[in-house]
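Residue-level structure breakdown
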Amino acid sequence: MESLFPVDTIDRMFKPLPSVPDHPALEREVLERWEDEGTFQRLREQNAGGPRFSFIDGPITANGPMGVHHAWGRTLKDVFQRYQAARGHDQRYQNGFDCQGLWVEVEVEKQLGLNSKREIEDYGLAEFAERCKERVAKYVGLIAEQSKRLGMWMDWGNDYLTFSDTNIEYIWRFLKECHRRGWLYKGHRSTQWCPRCGTSLSQHEQAGEENYRELEHPSLYVRFPLGDRPGESLVIWTTTPWTLPANVAAAVKPDAEYGLRDGGWRLASEDGEYDNVVQGEDLVGLEYEGPFDDLPAQEGVTHRVIPWDEVALDEGTGIVHIAPGAGAEDFELSRVHGLPVLAPIDESGRFLPGYGPFEGVSTDGAAKAIVEALDERGLLVEAGTIVHRYPICWRCKTPLLFRVVDDWFISCDELRQPLLDANDEVAWTPPQYKKRMDDWLRNMGDWNISRKRYFGLPLPLYPCDCGELNVIGSRAELEERATGGLEQLQELHRPWIDEIAIRCESCGREARRIPEVGDAWLDAGIVPMSTLGWENPEWIPHGYGTGAARGLTGADLPDHAYWEQWFPADWVSESREQIRLWFYSISVMSMTLAGRLPYRAVLTYERVHDEHGREMHKSTGNAIEANEAFERMGADIVRWQFCAQNPSQNINFGYGPADEVKRRLLKLWLSAGYLVTFGNIGGWEPEWGTRPTSSHALDRWLMARTGELVVEAESAYERYWTPALTTAFEAYIEDLSNWYIRRSRRRFWDGDTDAFLTLWWALVQALRAVAPVLPFLSDHLWRTLVLDGPDSVHLAGWPEEADVDGSLLEEMAEVRRVVELGRQARSQSGIKLRQPLRRLVVQGADGVQEHAGEIAEELSVKEVEFGPVEATELRVKPNLPVLGPKLGKELGAVRSALEAGDFEELEGGHLRVNGHELSPDEVLVERRGKEGWAVAGEDGLTVALDLQLDPELELEGRAREVIHQVNSMRKESGLAITDRIVLTLPPDLLEHEGWIARETLAERVEPGGEVAIEKA
Ligand SMILES: [Zn+2]
Ligand SMILES: [Zn+2]
């Protein structure tokens, strides 16, 4: 490009920006620069020793690549940590990985092709544990890379991993404390059981809506013949045929009416005809023949009718078949009524010995044979199918069964009230989630902590034959009390831990550990204690990465003084379902050990759906992988979508919405590009630390508008409400590009340094304000615009304060309303903006008289008058729904007066008519221009354009057309914006020669027939 300026200034100019950003390419470049320049490390050093902001990360499961659904939470975590860093806060930035439990086991089983717990045992627990650890190590690495790509600044490499011995020891300590308080007990209960995973599952794992599916099951009506009443039977309804061989009782509602028809007793309906009708209580105590009395398991069982107030009357027959070994409520009833408990199935859901032909058959597999057997015996009344909502395993999606087993529980009753009281002090965002937490805490049952599995937290419970329950609280205690086997204890996991027996505290005999491992939420729940060094006497450098975590993290184990500094967290953020999972488990564990909740404020968010609002599934083909999203739309665009979303609603995430975001953010890019282009042309260079002092109204306005953005952004970040930030920023960029820059073009052409400095200063502050959300784009533009200041926006801190001149902002907003209405009036008239008009009359905006010149220029009129718009006809009609009830009978008279124009206009759009004063919402007002005028108005502001043209205006209109035409020709012929031309003009336009030449960079104008250009 040929330059207008001396060569020695060129290398000090801004680096040109392409016309559109390539987000992924730009982001990779920024990532590399951060790496090379140690930007994050420098930020941490810069803030070290500053006021603390404590964030505790809820762990991501290191069990697969990161999905876009993870990116929502990870974006929010990064946004608010970046914001706090900009405010000078010292932070920990510790990322967490969840590393053991059913998650990992099930994936490793798939990988190894193992299909049952027996196959795992045949494979070998030590080998199985090694495969689990390999899988975790692989995904720890991958997720860290993906998170970095998202722009997430964490102390990578010093993460916490929940399977470290240190973490496990902290949980042991917690369990010992629970035992000391008498909360730990072994329960013999009916529990939801996954036959594939071979373990019970707990209430909090299973509570989510996603853990139910609509499934089709048999729907059977079955007769139970009554022993003392030949020819009469109870009729029961069931959807689980496999439970019938374990039947021991039938329940009726004592105060409901039952009727006998065709020999069958069932709930009496109002319109039915019956041979006999009795109260439920009259049936209680009757004995009946069970459906499978011939099975060995049924030997000695007497079947009888029991009362139960909870019998559902809206489905089935009002008589419920009770099998205490196969249902939760059934089991509870067995305790009340002393019923025998027949447990029909083993841990893989197959019938046990004692169940004759069904032995070894799965519950589903036996259904057909059971129905056939019932039919043969004449017990089957009706067989069909039903589709109903049924629980499935949260991990492997297998339909659940009920089994009665021994599990270990923590009693939560004593914690309930303290947790509720503490929750009252927590700042929840969105606020309605506080109540959800309350509801969970009120209804939570005891915590089932044991899982009959392999690669998980080994529960340190050593029951002794003497009745003593020994609970080991640390590795040191284990070593002290062990009777042998310590030499092979490579880490606190099965199978190694199982080799060690201990000496009973009470009787001194040998006691062995129970085989169960712990609920994975114990692993994640202990984090606020284990990672911050609670009650750890001495700081151990790199001391956290013990056991299975050795070599995977360099994290320290801090000392108790550190815990005091960083506990509780100022803020935590996870998805809403974590209320019953992580928020619950960290609350219970911290409350138990420290007597306090581990967080002060919470931000939760909902679920990620596809852009059409459907759930994302790999199988449906609408899931988006995180890497694909980063590389196709850009991480900044991913982040912006999440930040713009109200977190109390599901987000519709996808490429369509991403394009919308790109389109809106392009204005930021183009505005920066504008400054770059004209700054380079004008040879203008910013100097770090200079503030604009311009008295130009537009400059002062942009400064105030920027100050307003900063205030809005601060408020949004402080409230943990990103949608307010994205909305404020988009509005700001619109004002900056579509008002300030557009109104200032002439000044930029003329090299006005006030305009340059003001625009530069505004962009620099805006980049700082938005940097937490758009870390890449903001830093790229920062490096483009800031030549001698901090070398990254992330090292530059929060924006400078600016005087938010409220009256100036209001004034300009009013000017923009006048211009907007003026444009409306013009478009109604059909006269192009390029055709100047004589006059605009403005009524109702006297505060903007100073800006008459700008309004005239924007609307291309010669003069702007402030005063009453007489060019309009006002038509007023009553707003009937509002005014009807108010005026009653008088409505007719008022309506006629309005129609006749017989009213007086008052301040603020009020009207006086027939002795009534009407407010603006009580009438419908329409203004029409009189002949030769175009009028537009709203909310008490009216503008009228005089449409009268004269030869002078017409010639000027033509001159503008020509300027437009010539500039298009310049572009088409490939001229640079600074190239000069020779211009040929028709003679009548020579009157405007100077102006046209200036606007088209013509060095010389020659008269001619047609408009033509030539490079000078
Ligand atoms: Zn399962
Ligand atoms: Zn003992």
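Up top is the structure.
Our subject in this report is the structure included herewith. All values derive from a computational prediction rather than experimental measurement.

This brings us to the coordination of the zinc ion (ligand 1). Donor atoms from the polypeptide that bind the zinc ion (ligand 1) are Cys194 (SG), Cys197 (SG), Cys393 (SG) and Cys396 (SG), placed at 2.2 to 2.4 Å. One way to put it: the four donor atoms around the zinc ion (ligand 1) meet at angles of 102 to 118°, and that makes the site tetrahedral. On the accessibility criterion, Cys197 (0% relative accessible area) is buried.

Attention shifts here to the packing of helix H12 (residues 413–423) against helix H13 (residues 433–443). Across the interface, H12 lies against H13 with an axial gap of 9 Å and an inter-helix angle of 175°. Compared by their axis directions, H12 and H13 come out roughly antiparallel. Here Arg416, Leu419, Leu420 and Asn423 of H12 lie close against H13, whose contacting residues are Lys434, Met437, Asp438, Leu441, Arg442 and Asn443. Its residues assigned to classes, the contact of H12 with H13 comprises four nonpolar, two polar and four charged.

As a further point, take the pairing of strand S8 (residues 249–252). Side-chain alternation along S8 places Ala249 and Ala251 on one buried face and Ala250 and Val252 on a second face that is also buried. Where S8 meets strand S13 (residues 303–307), four bridges bridge the pair, whose relative direction is parallel. Within S13, the position partnered with Ala250 by the bridge is Val305.

We now examine a negative patch on the surface. A contiguous patch of negative charge, built from Glu29, Glu32, Glu35 and Asp36, is present on the exposed surface. Along the chain, Glu35 falls in helix H1 (residues 23–37).

On to the nonpolar core, then. Ranked by size, the top nonpolar core spans 240 residues in total, and within it Phe174, Trp447, Leu478, Tyr599, Phe653 and Leu840 carry the most contacts. Leaving out residues up to four positions away in the same chain, Trp447 has contacts with His204, Trp408, Phe409, Ile410, Cys412, Asp519, Trp521, Leu522, Tyr584, Ser585, Val588 and Met589. Within the second largest apolar cluster, 48 residues are counted, among which are Ile306, Leu342, Tyr355 and Leu380.

For the rest of this paragraph, the subject is the sheet that holds strand S16 (residues 401–410). Strand order in the open sheet made by the four strands is S5-S4-S16-S18, with antiparallel pairing throughout. Strand pairing shows two members of the sheet lacking a second neighbour, strand S5 (199–200) and strand S18 (447–448), which therefore form its edges.

Looking at the metal site, the zinc ion (ligand 2) is ligated by Cys464 (SG), Cys466 (SG), Cys504 (SG) and Cys507 (SG), spaced 2.2 to 2.3 Å from it. In this structure, the zinc ion (ligand 2) is surrounded by four donor atoms whose angles at the metal cover 103 to 116°, and the resulting shape is tetrahedral. Of the residues examined, Cys464 reaches a relative accessible area of 9% and is grouped as buried.

Applying the stated criterion across every chain, the model contains 84 salt bridges. Measuring nitrogen to oxygen at the nearest pair gives 3.0 Å for the salt bridge that ties Glu109 to Arg196. Placement of the pair is Glu109 in helix H4 (residues 102–112) and Arg196 in the loop between strand S4 (184–194) and S5, with a sequence separation of 87 residues. Judged by relative accessible area, which is 1%, Glu109 ranks as buried. Take Arg196: its relative accessible area is 23%, and that puts it in the partly exposed class. Two residues, Glu577 and Arg607, come together in a salt bridge whose shortest N-O distance is 3.1 Å. Of the two residues, Glu577 sits in the loop between strand S25 (572–575) and helix H18 (582–594) while Arg607 sits in the loop between strand S26 (601–605) and strand S27 (608–610), which places them 30 residues apart along the sequence.

Attention now goes to the sheet that holds S25. Read from one edge of the open sheet, three strands run S17-S26-S25, paired in parallel fashion. What marks the edges here is a single partner per strand, and that holds for strand S17 (427–429) and S25. Each strand of the sheet is rotated relative to its neighbour by a mean of 20°, with strand direction disregarded. Pairing analysis gives four bridges linking S25 to S26, with the strands arranged parallel.

Along the polypeptide, Asp165 turns up in helix H7 (residues 165–180). Since its relative accessible area comes to 3%, Asp165 is described here as buried. Those residues in contact with Asp165 that lie beyond four places of it in its chain are Arg475, Glu491, Leu492, Thr546, Gly547 and Ala548.

This next bit is on the environment of Leu26. As for its placement among the helices and strands, Leu26 is situated in helix H1. Taking the relative accessible area as the measure of exposure, Leu26 reaches 5% and is therefore buried. Along the primary structure Leu26 and His780 are separated by 754 residues, whereas in three dimensions their C-alpha atoms are 7.3 Å apart.

Right, let's talk about the layout of surface pockets for a bit. Here the second largest pocket defines a volume of roughly 1900 Å³. What lines the second largest pocket is a set of 40 residues, and nearest its centre among them are Arg742, Arg745, Trp749, Asn967 and Glu999. When residues of the lining of the second largest pocket are traced back to their parent elements, those giving at least two are helix H21 (655–682), helix H23 (722–743), helix H24 (745–749), helix H28 (852–859), helix H31 (951–972) and helix H32 (993–999). If one sorts the elements of the lining of the second largest pocket by residue count, H31 sits on top with eight residues. Here the residues of the lining of the second largest pocket are counted per class, giving 14 nonpolar, nine polar and 17 charged.

Another aspect to go through is the packing of helix H3 (residues 68–86) against helix H22 (residues 697–718). At a minimum axis separation of 10 Å, H3 and H22 run at an interaxial angle of 125°. It follows that H3 is oblique to H22 by the angle criterion. Between H3 and H22 the crossing geometry is left-handed. Judged by residue contacts, Val79, Phe80 and Tyr83 of H3 engage Glu714, Tyr717 and Glu718 from H22. Partitioning the contact of H3 with H22 into residue classes produces four nonpolar, no polar and two charged.

The terminal C-alpha atoms of helix H25 (residues 753–770) lie 26 Å apart, and with 18 residues this matches the ideal 26 Å at 1.5 Å per residue to within 8%. Among the 18 residues of H25, 16 are classified as buried, and the element is accordingly described as predominantly covered. You can read the cap of H25 off the contacts: a side-chain oxygen lies 2.8 Å from the backbone nitrogen of Asp754, and it is on Asp752.

Below, the discussion takes up the environment of Asn650. When you line up the elements, Asn650 lands in the loop between helix H20 (635–644) and strand S28 (651–653). When sequence neighbours within four positions are dropped, the list of residues in contact with Asn650 reads Glu606, Arg607, His609 and Gln645. Polar side-chain contacts of Asn650 include one of 3.0 Å to the backbone nitrogen of Arg607.

By the secondary structure assignment, Asp735 is in helix H23. Its relative accessible area of 15% is what places Asp735 among the buried residues. C-alpha separation for the pair Asp735 and Arg816, spaced 81 residues apart in sequence, amounts to 9.8 Å. Excluding residues within four positions of it along the chain, Asp735 makes contact with Trp701, Arg705, Tyr740 and Arg816. Of the polar contacts made by the side chain of Asp735, one reaches the side chain of Arg816; its length is 2.3 Å.

Conventions and cut-offs
Residues numbered from 1 in each chain as written. Chains lettered and ligands numbered in written order. Predicted model: local features only at pLDDT ≥ 70, side-chain atom pairs only at ≥ 80, totals over all residues. Heavy atoms only, no water. Donors = N, O, S within 2.8 Å, 3.2 Å for Na, K, Ca; no water. Tetrahedral: all angles 85-135°; square planar, octahedral: opposite > 155°, others 65-115°. Buried < 20%, exposed > 50% of the residue type's maximum accessible area, 1.4 Å probe, protein only. Axes fitted to C-alpha atoms, helices over the stretch in contact; angles between N-to-C directions. Helix = DSSP H or I, 4+ residues; strand = E, 2+ residues; numbered from the N terminus. Parallel < 35°, antiparallel > 145°, perpendicular 65-115°, else oblique. Contact = heavy atoms within 4.5 Å. Nonpolar A, V, L, I, M, F, W, Y, C, P; charged D, E, K, R; others polar. Pairing = 2+ DSSP bridges. Patch = residues over 30% accessible without salt bridge, like charges linked within 9 Å, V, L, I, M, F, W, Y side chains within 5 Å. Areas by Shrake-Rupley, 256 points an atom, 1.4 Å probe, with all protein chains shown as cover. Salt bridge = Lys/Arg side-chain N within 4 Å of Asp/Glu carboxyl O. Lys, Arg positive; Asp, Glu negative; His and termini not counted. Charge placed at Lys NZ, Arg CZ, Asp CG, Glu CD. Core = buried A, V, L, I, M, F, W, Y, C linked by side-chain atoms within 4.5 Å. 1 Å grid on protein atoms, 1.4 Å probe; cavity = no way out; pocket = protein on both sides within 12 Å on 5 of 7 lines; lining within 4 Å. Points joined across faces, edges and corners; volume = space filled by probe spheres on them. Left-handed = near helix turned anticlockwise from the far one by under 90°. Expected span 1.5 Å × (residues − 1). Polar contact = N/O pair within 3.5 Å; in protein donor to acceptor, adjacent residues only side chain to side chain.

These results come straight from atomic positions and should not be treated as a statement about function.
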